[in-house]
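The primary structure of each chain is shown beneath.
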Amino acid sequence: MRIVVDNVEKRFIDAKKHEVTALRNINFAIENQEFVVLVGPSGCGKSTLLNIVGGLMSPTGGEVYFEGLSSGKPPRLGIVFQEIALFPWRTVYENVIFGLEEQGASKKEQQEKGKHYIEMVGLSGFETAFPKQLSGGMRQRAGIARALAVEPDLLLMDEPFSALDAQTRTLMQEELLAIWNRTRLSTLYVTHNIQEAVYLADRVIVLSRHPGQIKEIIKIDLPKTGRDQDEHRAAFERYADQIWQLIRHDAQEALKEG
Ligand SMILES: Nc1ncnc2c1ncn2[C@@H]1O[C@H](COP(=O)(O)OP(=O)(O)OP(=O)(O)O)[C@@H](O)[C@H]1O
């Protein structure tokens, strides 16, 4: 499946009743099995764009469409936010199968897929634990398993690891890449973190701010495994630097505005 973002624009009315253009002239596609990362300074419209692609918010102009779905069938979406909203009264297993229940999957399918995706994110043995008994990283894994369990056409991730400490974050990036290499889901991923973008992406979309527009789309021509190894270090850093140079000025402006 291919997702096409066609000339999307989003205007908001702010608290002072002024019109704010958050996004303008946004055109790109997410190819089948492609991992696309959105980066940009604070307030450039990353989350707004992700929400529009996921149908959680309507654009004020343009449209998003899904090519290659059987006609009339809505796309299945898996969504992971920064703060995973696990149901506190449900166990890990019950959280993971939530979307399957919603889809009306049989008990047998719920059990098979629940087990499979819990195993994939490394939470076997924690099926009966409740969210409050888990560390932040484990909660994020449960949230990822829940998103994967519906076998989505598109996986949307909005800063999924930004609330984690740096070490857990690095480990989770590695695990996400391993999971992604197994599932190859078309993915749209939002982050502030340039290293994370270069580590995960097939392509990085750099947004500018006021209004959020696409500044550049950068293809990361590195193998999808072992990007952090010595032999790729120089190329990795070149990509990271190229992206930082594109963002730097806007990020400084964002900092001044607070
Ligand atoms: N509901 C809303 N009403 C008014 N303005 C909004 C609304 N949602 C977002 N905005 C504005 O749209 C712009 C983009 O916001 P958005 O949250 O998408 O940016 P972001 O790049 O995800 O930011 P951050 O990196 O800080 O999370 C900002 O100027 C924001 O203030």
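Residues numbered from 1 in each chain as written. Predicted model: local features only at pLDDT ≥ 70, side-chain atom pairs only at ≥ 80, totals over all residues.

**Here we look at the overall build of the chain**
Part 1: Looking only at helices and strands, the chain features eight helices and nine strands.
Part 2: Taken against the 2.2 N^0.38 rule, which gives 18 Å for 258 residues, the C-alpha radius of gyration of the chain at 19 Å falls within 12% of a compact globule.
Part 3: C-alpha extents for the chain along the principal axes are approximately 50 × 45 × 35 Å.
Part 4: Here the chain holds 258 residues, and the buried ones make up 35% of them.
Part 5: For the chain, the proportion of contacts with a sequence separation of at least 24, taken over those separated by at least 6, is 72%. (Helix = DSSP H or I, 4+ residues; strand = E, 2+ residues; numbered from the N terminus. Rg over C-alpha atoms; globule rule 2.2 N^0.38 Å. Buried ≥ 20, exposed ≤ 12 C-beta atoms within 10 Å, placed from the backbone. Contact = placed C-beta atoms within 7 Å.)

**Focus: the site of the ligand**
Part 1: Near the ligand, the surroundings consist of 13 residues, among which F12, A22, K46, S47 and T48 are the closest.
Part 2: Secondary-structure elements contributing two or more residues to the shell around the ligand are strand 2 (19–30) and helix 1 (46–53).
Part 3: When residues in the shell around the ligand are grouped by element, the largest group, three residues, is from helix 1.
Part 4: Among the residues forming the shell around the ligand, the class breakdown is four nonpolar, seven polar and two charged. (Near = placed C-beta within 6 Å. Nonpolar A, V, L, I, M, F, W, Y, C, P; charged D, E, K, R; others polar.)

**Some thoughts on unusual backbone geometry**
Part 1: Cis geometry is found at the peptide bond from H210 to P211, where omega equals -10°.
Part 2: Even without a glycine there, the phi angle at Q33 is positive, about 65°.
Part 3: Given 14 C-beta atoms within 10 Å, Q33 falls into the partly exposed group.
Part 4: Here E159, not a glycine, exhibits a phi torsion of approximately 50°, which is positive.
Part 5: In this fold, E159 is placed in the loop between strand 6 (154–158) and helix 6 (166–183).

**Quick word on the packing of helix 5 (residues 136–149) against helix 6**
Part 1: Interhelical geometry of helix 5 versus helix 6 gives an angle of 20° and a closest axis separation of 11 Å. Put simply, helix 5 runs roughly parallel to helix 6. In this structure, helix 5 crosses over helix 6, and the sense of that crossing is right-handed. Contacts between helix 5 and helix 6 involve G136, G137, Q140 and L148 from the former and T168, M172 and T183 from the latter.
Part 2: Grouping the amino acids of the contact of helix 5 with helix 6 by side-chain chemistry returns two nonpolar, five polar and no charged. (Axes fitted to C-alpha atoms, helices over the stretch in contact; angles between N-to-C directions. Parallel < 35°, antiparallel > 145°, perpendicular 65-115°, else oblique. Left-handed = near helix turned anticlockwise from the far one by under 90°.)

**Points about the nonpolar core**
Part 1: If you look at the biggest cluster of nonpolar residues, it comprises 61 residues, and the most contacted ones within it are V37 and A145.
Part 2: Of all the elements, helix 5 adds the most residues to this core, at six residues.
Part 3: Split by domain, the residues of this core number at least three in each of domain 1 (2–75 + 153–255) and domain 2 (87–152).
Part 4: Setting aside chain neighbours within four positions, we find V37 in contact with Y189, T191, A197, L200, A201 and V204. (Core = buried A, V, L, I, M, F, W, Y, C linked by C-beta atoms within 7 Å. Domains from an automatic or database assignment.)

**A closer look at the UniProt feature "domain: ABC transporter" (unreviewed entry) in the chain**
Part 1: If you check UniProt for "domain: ABC transporter" (unreviewed entry), the listed places come out as residues 3–234 in our numbering.
Part 2: Within the segment residues 3–234, helix and strand shares are 33% and 26% respectively, and the terminal C-alpha atoms sit 32 Å apart. (UniProt positions renumbered as here; feature names shortened; annotations may be inferred.)

**Quick notes on the pairing of strand 9 (residues 213–219)**
Part 1: Summarising the sheet, strand 8 (residues 203–208) and strand 9 pair through six bridges and their orientation is antiparallel. Its bridge partner lying in strand 9, V204 is registered against I218.
Part 2: Linking strand 8 back to strand 9 in an antiparallel pair, the connection comprises four residues, with H210 at a positive phi of about 55°. (Pairing = 2+ DSSP bridges.)

**Brief notes about the domain arrangement of the chain**
Part 1: When the domains of the chain are assigned, the result is domain 1 (2–75 + 153–255) and domain 2 (87–152).
Part 2: One C-alpha centre belongs to domain 1, the other to domain 2, and the line joining them spans 25 Å.
Part 3: For the side of domain 1 that touches domain 2, the secondary structure elements donating two or more residues are strand 6 and helix 6.
Part 4: At five residues, helix 6 tops the list of elements feeding residues into the side of domain 1 that touches domain 2.
Part 5: Within the side of domain 1 that touches domain 2, the residues separate by chemical class into nine nonpolar, two polar and two charged.

**Looking at the sheet that holds strand 2**
Part 1: Taking strand neighbours across the sheet as the criterion, the three strands line up as 2-1-4 in an open arrangement whose pairing is antiparallel. Of all strands in the sheet, those with a lone pairing partner are strand 2 and strand 4 (61–67), marking the two edges. Each strand of the sheet is rotated relative to its neighbour by a mean of 15°, with strand direction disregarded.
Part 2: In this sheet, strand 4 lies alongside strand 1 (residues 2–13) in antiparallel orientation, the contact comprising six bridges.

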